[in-house]
Amino acid sequence: MTVLALAALLVAGCGRAQPLPRNETVYKAGMQWGPVSGFNPFMSGDRWPVTQPANDGHLIYEPLFAYNLLSGELDPVLARRLEWVDDRTAHVTLFDGTRWQDGQPLTVGDVVYTYDLVKRYDTPHAAVWNYLERVTAVDDRTVAFTLDAARPHRAMVLHELTMVRIVPQHVWEILERDVDSILEIENRNPVGSGPYTLLRHSPEQVAVERFDDYWGREVHGVPAPRFIVHPIFRSNDAGNLALERNQVDWSQQFVPEIWRMWEDRGAPVGTWFSEAPYFLPATIPSLFINLQRDGLREPLVRRALAYAIDYPRIAETAMSRYSPVARSSMIIPVGVAEQRFFNEEDVAEHGWRYDPEEAVRILEEELGATRGSDGIYVLPDGTRLGPWIAHCPFGWTDWMTALEIVSESARAVGIDVRTEFPEAPVSHDRRYTGNFDLTLWMPEGGQSPAHPWIRFHHVMDNRGVAEMGDIAFRNWNRYQNDEAEALLDAAALTEDEAELAAIYRRLDRIFMRDIPMIGLMYRPWQFYSFNETYWTNFPTEDNPYAPPMHGHTGMQIYVNLKPVER
């Protein structure tokens, strides 16, 4: 490719920037949806590549371990071993030679400091201290994680060992002096321990460069791409066109009917499975309902809405047949992680399905609502069922389509639901602060040692959640139920499969009774598609050397990619 052609490619796909060698650069898509406001690994929102471990979150900052979606095990990152020395104490041993990108050694003191940092400030990871009593140094390479005696929840602690990225104490103790909260720190010049450093960022792209003095070269290998660039596309459509046109190598975006790229148009595009469902289902994008709104605070209204939604159409059109039809359970009924806890009888007896006639029956016979001249029902106390706004970020075309189907389904039975698609930062802020009627998001997406417990916790545990108007990182509609919280505590105290199954069954029944949210579809933890024009050896079902992930153990993909000789 000529320099002029490469420059044109960069302008078309990534904004105006100096050209990078195409055979040394991997272009990513689907994890950054607006200008980056800093590189603070403790913040939520879009901050590629530091937002979370699943979204290339090991490139600059690294956790102790990574979750492997294929094996369900924790793989080493900064730590080489975890050993339970008694019922409540895990010893975590760091690899020898860990160091920061500024050359300073990465020590057990940095690990202890980081976990203390997330405890002292209201970060998304502060909840790990509900299950920890202390984190202490045992020797110069070993850290002891001691579980809380009252809530010794091993699975949640293991989950957080994969989520909390370790930061350098000698940098962050200076940064935190000048702020009331570390969440105020933009961290424009991040210093991590990972294999990449920040190269540049703009409203059009973020780029990182391989750090060739990476401590983990001998342990984890050397990434093949010298550069990784994430163009900031405004919508899925723009990013998907770039994938098909060889301007993106590896994408986390939803692509409608992706098989048409290779079957109809011959593009060198692939996915984990070569046939439907193409991806591994692992999350439940769900409609969170504001329980404080007039009308929506009534459980029977929520049940009528749940019966009104056309789930088969969402699976067929919004999800392009990548998803089975959504069920009413909080437990995913397919795959190895949670299927053993799914109870078909309870879903049939206590759940819901697409049945608009049943939705109308509930409205008229159980609620006594009457249909107005405009086709919208009004409750006996005069409360009109809507208008309620359902929103998700603009450009997330699969979710936008799903919400349009929700709106059409609801209005067809006499519930006035309308859609709105603000830019991602606005949508995120509305969700965090509870400033919504209906919002589409995933309750603790993905898989981990703590699923499905952590999904119930995110939806049904109000303890430690900020009040409406303040920022909350879970339970965005502030649902509260004492029985559910007691059951969650009981689940945290046992590893017995039969006991856990009984607890999850009770939790699921409470969920299906109260309906604080409605699952609309199943989705992979991350969409995983690739174009092999410039890079090959992406893992697939037939070549499963790494899971189909953009982070966690999927980081091994960067090491194993091979540039195409041209």
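Bear in mind the structure is a predicted one, so any value in this text is a computation, not a measurement.

Caption draft 1: Focus on the overall build of the protein chain. When its secondary structure is counted, the protein chain shows 17 helices and 24 strands. By its C-alpha atoms, the protein chain is 70 × 60 × 45 Å across when sized along the principal axes. Among the 566 residues that make up the protein chain, the fraction classed as buried is 60%. In the protein chain, once contacts between residues fewer than 6 apart in sequence are set aside, the share between residues at least 24 apart is 69%. Surface summary for the protein chain: the accessible area is close to 21,300 Å², and the carbon and sulfur share equals 47%. For the protein chain, the separation between the mean place of its 52 positive charges and that of its 80 negative charges on side chains is 3 Å.

Caption draft 2: Expanded view of the pairing of strand S18 (residues 417-420). Strand direction decides the pairing type here: strand S17 (residues 388-391) and S18, joined by 4 bridges, are parallel. Bridge assignment links Ala390 to a residue of S18, and that residue is Thr419. After leaving S17, the chain enters helix H12 (residues 397-413) and then returns to the sheet as S18, a path that is right-handed.

Caption draft 3: Layout of the environment of Gln205. Mapped onto the secondary structure, Gln205 falls in strand S9 (residues 205-210). Expressed as a C-alpha distance, the spacing of Gln205 and Pro231, which sit 26 residues apart in the sequence, is 4.3 Å. A distance of 3.0 Å separates the side chain of Gln205 from the side chain of Arg200, its partner in a polar contact.

Caption draft 4: Molecular detail of the nonpolar core. Membership of the largest hydrophobic core comes to 163 residues, with the highest contact counts inside it found for Leu64, Tyr115, Phe145, Trp172, Ile415, Ile518 and Leu520. Ranked by residue count, the leading element in this core is H12, at 8 residues. What Trp172 contacts, discounting residues up to four positions off in sequence, is Asn40, Pro41, Phe42, Tyr61, Tyr113, Leu117, Val167, Ile182, Ile185 and Asn187. Grouped together as the second largest cluster of nonpolar side chains are 6 residues, Ala54, Tyr67, Leu69 and Trp525 included.

Caption draft 5: Looking closely at helix H11 (residues 356-366). All of the buried residues along H11 are Glu358, Ala359, Ile362 and Leu363. Take H11 and look down its axis: the buried residues cluster within an arc of 140 degrees, on one side only. Relative to its buried face, H11 has exposed residues pointing more than 90 degrees away, namely Glu357 and Glu365. Buried positions along H11 lie against helix H8 (299-308), strand S16 (377-378) and H12. Immediately beyond the C-terminal end of H11, within one or two residues, lies Gly368, with a positive phi of roughly 70 degrees.

Caption draft 6: Region of interest: unusual backbone geometry. Between Ala276 and Pro277 the backbone carries a cis peptide bond, its omega angle lying at 15 degrees. With respect to the element layout, Pro277 can be found in the loop between strand S12 (269-271) and strand S13 (281-283). Look at the link from Gly386 to Pro387: it is a cis peptide, with omega at 5 degrees. With respect to the helices and strands, Pro387 occurs in the loop between S16 and S17. In this structure, Arg321 is a non-glycine residue whose phi angle is positive, near 65 degrees. If you trace the backbone, Arg321 turns up in the loop between helix H9 (311-318) and helix H10 (344-350). For Asn537, which is not glycine, the phi dihedral falls at a positive 75 degrees.

Caption draft 7: Representation of the pattern of salt bridges in the model. The tally for this structure, following the rule as stated, stands at 40 salt bridges. The closest approach of N and O atoms between Arg120 and Asp116, which form a salt bridge, is 2.6 Å. One end of the pair is Arg120 and the other is Asp116, both in helix H2 (residues 108-120) and 4 residues apart, which spans about a single turn. Residue Asp346 pairs with Arg509 through a salt bridge whose shortest N-O separation is 3.1 Å. Residue Asp346 is located in helix H10, and its partner Arg509 is located in helix H16 (residues 497-514); the two are separated by 163 residues in the primary sequence. The class of Asp346 is buried, set by a relative accessible area of 2%. On the basis of relative accessibility, which here comes to 35%, the residue Arg509 falls in the partly exposed class. When salt bridges with common partners are traced through the structure, they connect Arg151, Asp461, Arg463, Glu485 and Asp489 into a single cluster.

Caption draft 8: Focus on the packing of H8 against H11. At a minimum axis distance of 7 Å, the contact between H8 and H11 shows a crossing angle of 160 degrees. As judged from the angle between their axes, H8 and H11 are roughly antiparallel. The chirality of how H8 crosses H11 is left-handed. Contacts from Leu300, Arg303, Ala304, Tyr307 and Ala308 in H8 reach Pro356, Glu358, Ala359, Ile362, Leu363 and Glu366 in H11. Grouping the amino acids of the contact of H8 with H11 by side-chain chemistry returns 8 nonpolar, no polar and 3 charged.

The rules behind each value
- Sequence order as written defines the numbering, with residues in each chain counted from 1.
- Given that the model is predicted, a residue must reach a pLDDT of at least 70 before its local features are reported, and side-chain atom pairs must reach 80 or more before they are shown or counted; all residues, however, enter totals for whole chains, interfaces and linings.
- Processing note: side-chain calculations cover all non-hydrogen atoms of the structure and skip hydrogens and water entirely.
- The way it works is that DSSP assigns letters per residue, a run of H or I at least four long becomes a helix, a run of E at least two long becomes a strand, and they are numbered from the N terminus.
- Residue burial is assigned from relative accessible area. The probe radius is 1.4 Å, only protein chains are included, and a residue is buried under 20% of its type maximum, exposed over 50%, and partly exposed in between.
- Contacts: residue pairs with any heavy atoms within 4.5 Å of one another.
- To be clear on the numbers: accessible area is Shrake-Rupley with a 1.4 Å probe, and residue cover counts the displayed protein chains and nothing else.
- When charges are counted, Lys and Arg contribute as positive and Asp and Glu as negative, whereas His and the chain ends are disregarded.
- Note on charges: their place is set at NZ of Lys, CZ of Arg, CG of Asp or CD of Glu.
- Strand pairing is assigned whenever DSSP identifies at least 2 bridges connecting the two strands.
- Crossover handedness is defined by viewing with both strands directed away from the observer: a clockwise path from the first strand over the helix to the second marks the crossover as right-handed.
- In the analysis that follows, any N or O atom pair within 3.5 Å is treated as a polar contact, provided that within protein one partner can donate a hydrogen and the other can accept it, and provided that, for residues neighboring in sequence, both atoms belong to side chains.
- Put simply, a nonpolar core is a bunch of buried Ala, Val, Leu, Ile, Met, Phe, Trp, Tyr and Cys residues held in one set by side-chain atoms that sit within 4.5 Å of each other.
- Think of the arc as the fan of directions from the helix axis to the C-beta atoms.
- One speaks of a salt bridge when a side-chain nitrogen belonging to Lys or Arg is within 4 Å of a carboxyl oxygen belonging to Asp or Glu.
- Here, axes are lines fitted to C-alpha atoms. For helices the fit covers the stretch in contact, and angles between N-to-C directions go from 0 to 180 degrees.
- Any angle that is under 35 degrees is reported as roughly parallel, and any over 145 degrees as roughly antiparallel; angles of 65 to 115 degrees are reported as roughly perpendicular and all others as oblique.
- Handedness of a helix crossing follows the sense of rotation of the near helix relative to the far helix, less than a right angle counterclockwise being left-handed and clockwise being right-handed.
- The residue classification treats Ala, Val, Leu, Ile, Met, Phe, Trp, Tyr, Cys and Pro as nonpolar and Asp, Glu, Lys and Arg as charged. All others, Gly included, are polar.

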